[in-house]
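# Analysis of the macromolecular model
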Number of protein chains: 2
Amino acid sequence: MADARDITDRFLPRFDAAGLVSAIVIDADTHALLMVAHMNADAIRLTQNTGQAHFWSRSRGALWRKGETSGNGLEVIEMRVDCDQDALLLIVRPAGPACHTGRRSCFYRRVECDGSLAFLEDDAQA
Amino acid sequence: MADARDITDRFLPRFDAAGLVSAIVIDADTHALLMVAHMNADAIRLTQNTGQAHFWSRSRGALWRKGETSGNGLEVIEMRVDCDQDALLLIVRPAGPACHTGRRSCFYRRVECDGSLAFLEDDAQA
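All values reported here derive from a predicted model rather than from experimental measurement.

### Digging into the UniProt feature "domain: Phosphoribosyl-AMP cyclohydrolase" (unreviewed entry) in chain A
Cross-referencing UniProt, the feature "domain: Phosphoribosyl-AMP cyclohydrolase" (unreviewed entry) maps to residues 35-108 of chain A in the present numbering. The span residues 35-108 of chain A carries 14% helix and 39% strand; its end-to-end C-alpha distance comes to 11 Å.

### Some points on helix H2 (residues 41-50) of chain A
Residue and element names in this part refer to chain A. All of the buried residues in H2 are Ala43, Ile44 and Thr47. Along H2, the residues classed as buried sweep out an arc of 100° about the axis, all on the same side. One side-chain oxygen at the N-terminal end of H2 lies 3.2 Å from the backbone nitrogen of aspartate 42; it belongs to asparagine 40. One or two steps after H2, the chain reaches glycine 51, where phi turns positive at roughly 80°.

### Quick word on the UniProt feature "binding site: Zn(2+)" (unreviewed entry) in chain A
UniProt annotation of "binding site: Zn(2+)" (unreviewed entry) refers to A:Cys83, A:Cys99 and A:Cys106 when read in the numbering used here. Taking the farthest pair of C-alpha atoms as the criterion, the annotated set spanning 24 residues is dispersed, since that pair is 27.5 Å apart. Its place among the elements puts A:Cys83 in the loop between strand E5 (74-81) and strand E6 (87-94). The buried category is assigned to A:Cys83, whose relative accessible area is 6%. Excluding residues within four positions of it along the chain, A:Cys83 makes contact with A:Arg5, A:Asp6, B:Cys99, B:His100, B:Thr101, B:Cys106, B:Tyr108 and B:Arg109. The residue A:Cys99 is located in the loop between E6 and strand E7 (109-111) in this model. Filtering out sequence-adjacent residues up to four positions away, A:Cys99 remains in contact with A:Arg104, A:Ser105, A:Cys106, A:Tyr108 and B:Cys83.

### As for the pattern of salt bridges
Going through the model one piece at a time under the given rule, you end up with 14 salt bridges over all chains. A:Asp86 is the partner of A:Arg14 in a salt bridge, and the nearest nitrogen-oxygen pair spans 3.4 Å. Of this pair, A:Arg14 sits in the loop between helix H1 (4-7) and strand E1 (21-27) while A:Asp86 sits in the loop between E5 and E6, and the two are 72 residues apart along the sequence. Residue A:Asp86 is classed as buried on the basis of its relative accessible area of 12%. Residue A:Arg93 is joined to A:Asp29 by a salt bridge in which the shortest nitrogen-to-oxygen separation is 3.2 Å. Of the two residues, A:Arg93 is situated in strand E6 and A:Asp29 in the loop between E1 and strand E2 (33-39); the sequence distance between them amounts to 64 residues. Three or more residues are tied together by salt bridges with common partners; here these are A:Arg14, A:Asp84, A:Asp86 and B:Arg58.

### What about the side chain of A:Gln85?
By the element assignment, A:Gln85 lies in the loop between E5 and E6. Within the local environment of A:Gln85, its side chain forms a polar contact with the backbone oxygen of A:Arg10, the two atoms lying 3.1 Å apart. Excluding residues within four positions of it along the chain, A:Gln85 makes contact with A:Arg5, A:Thr8, A:Arg10, A:Phe11, A:Leu12, A:Pro13, A:Arg14, A:Val21, B:Arg109 and B:Leu117.

### Structural notes on the pairing of E5(A)
Burial runs high along E5(A): six of the eight residues are buried. Sheet topology places E5(A) next to E6(A); seven bridges connect them, and they run antiparallel. When the bridges of E6(A) are listed, A:Met79 appears paired with A:Leu90. Linkage of E5(A) to E6(A), two consecutive antiparallel strands, is achieved through a turn of five residues, within which A:Gln85 is found at a positive phi near 60°. One ladder, built from two bridges, connects E5(A) with strand E7 (residues 109-111) of chain B; its direction is antiparallel.

### Topic: the sheet that holds strand E8 (residues 117-119) of chain A
Reading across from one edge, E8(A)-E7(A)-E5(B)-E6(B)-E1(B)-E2(B) is the order of the six strands in this open sheet, with mixed pairing throughout. The strands lining the two open edges of the sheet, one partner per strand, are E8 of chain A together with strand E2 (33-39) of chain B. On average, adjacent strands in this sheet sit at an angle of 30° to one another, irrespective of strand direction. With six bridges joining them, strand E1 (residues 21-27) of chain B and strand E6 (residues 87-94) of chain B adopt parallel strand pairing. Residue B:Ser22 lies in a different strand from E6(B), and its bridge partner there is B:Ala87.

### Concerning the packing of aromatic side chains
What the rule picks out here adds up to four aromatic pairs over all chains. Sitting over the ring of A:Tyr108, A:Arg103 keeps its end group 3.8 Å from the ring centre.

Rules and cut-offs
- Residues numbered from 1 in each chain as written.
- Chains lettered and ligands numbered in written order.
- Predicted model: local features only at pLDDT ≥ 70, side-chain atom pairs only at ≥ 80, totals over all residues.
- Heavy atoms only, no water.
- UniProt positions renumbered as here; feature names shortened; annotations may be inferred.
- Helix = DSSP H or I, 4+ residues; strand = E, 2+ residues; numbered from the N terminus.
- Buried < 20%, exposed > 50% of the residue type's maximum accessible area, 1.4 Å probe, protein only.
- Arc of directions from axis to C-beta.
- Polar contact = N/O pair within 3.5 Å; in protein donor to acceptor, adjacent residues only side chain to side chain.
- Contact = heavy atoms within 4.5 Å.
- Salt bridge = Lys/Arg side-chain N within 4 Å of Asp/Glu carboxyl O.
- Pairing = 2+ DSSP bridges.
- Axes fitted to C-alpha atoms, helices over the stretch in contact; angles between N-to-C directions.
- Phe/Tyr/Trp six-rings, centres within 6.5 Å; stacked < 30°, edge-to-face > 60°.
- Lys NZ or Arg CZ within 6 Å of the ring centre and 35° of its normal.

Below is the structure:
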């Protein structure tokens with residue numbers, strides 16, 4: 001099942017019906033998963049042009065630069081795309097905590113089998 | 001802006017209009033980002049019950065167990081959820097290459113500023 005998006009050397013993001021791709025953000029130094037967000041074509045272009053991560057907020061229906069209010073921006077060191085080009089990886093240097101809760105990563109809770117969540121120590125975050 | 005999903009110790013996934021959350025899959029040993037997929041409530045339940053990663057295929061409109069045709073299943077060591085509970089992190093031991101192209105990771109190309117993609121050596125993958 002050859003798919004042109006798998007093998008091309010051209011960046012051809014496959015946006016969903018809302019015009020978005022997923023953006024996975026990891027720390028360039030620790031490789032920790034920091035956050036997941038969404039990008040539209042404008043967010044990708046602004047990120048490439050400024051070197052600072054921009055996203056599309058689905059809840060607010062607006063483009064935003066991460067850190068524009070918190071100060072905790074994300075300097076983008078490298079951007080990668082997955083095989084079918086519907087997800088991006090941003091490898092970043094964060095200026096501060098990536099999560100709006102003040103934590104380093106948004107993934108601070110482990111899902112247990114009984115439907116509860118266990119809060120992780122910061123050092124245990126992926 | 002307190003949000004119950006940020007602080008609760010209950011697993012209350014926030015599914016989108018299509019009934020899906022994003023699932024970020026990393027290797028338990030190398031911490032490499034392997035793939036990104038989507039899960040609905042059934043995929044989450046089956047993953048928890050079997051210990052093998054199940055996803056919802058948006059293109060095929062079907063539930064699938066990763067590896068059911070390729071043999072390259074993903075043993076789930078741990079599941080985490082993000083602050084607003086619309087994204088999951090699966091920490092896995094893969095039985096083989098995670099990408100359908102035969103590569104370890106789906107993120108094998110770097111996006112360059114000129115709109116081209118550079119293919120990465122396997123060891124350079126995040």
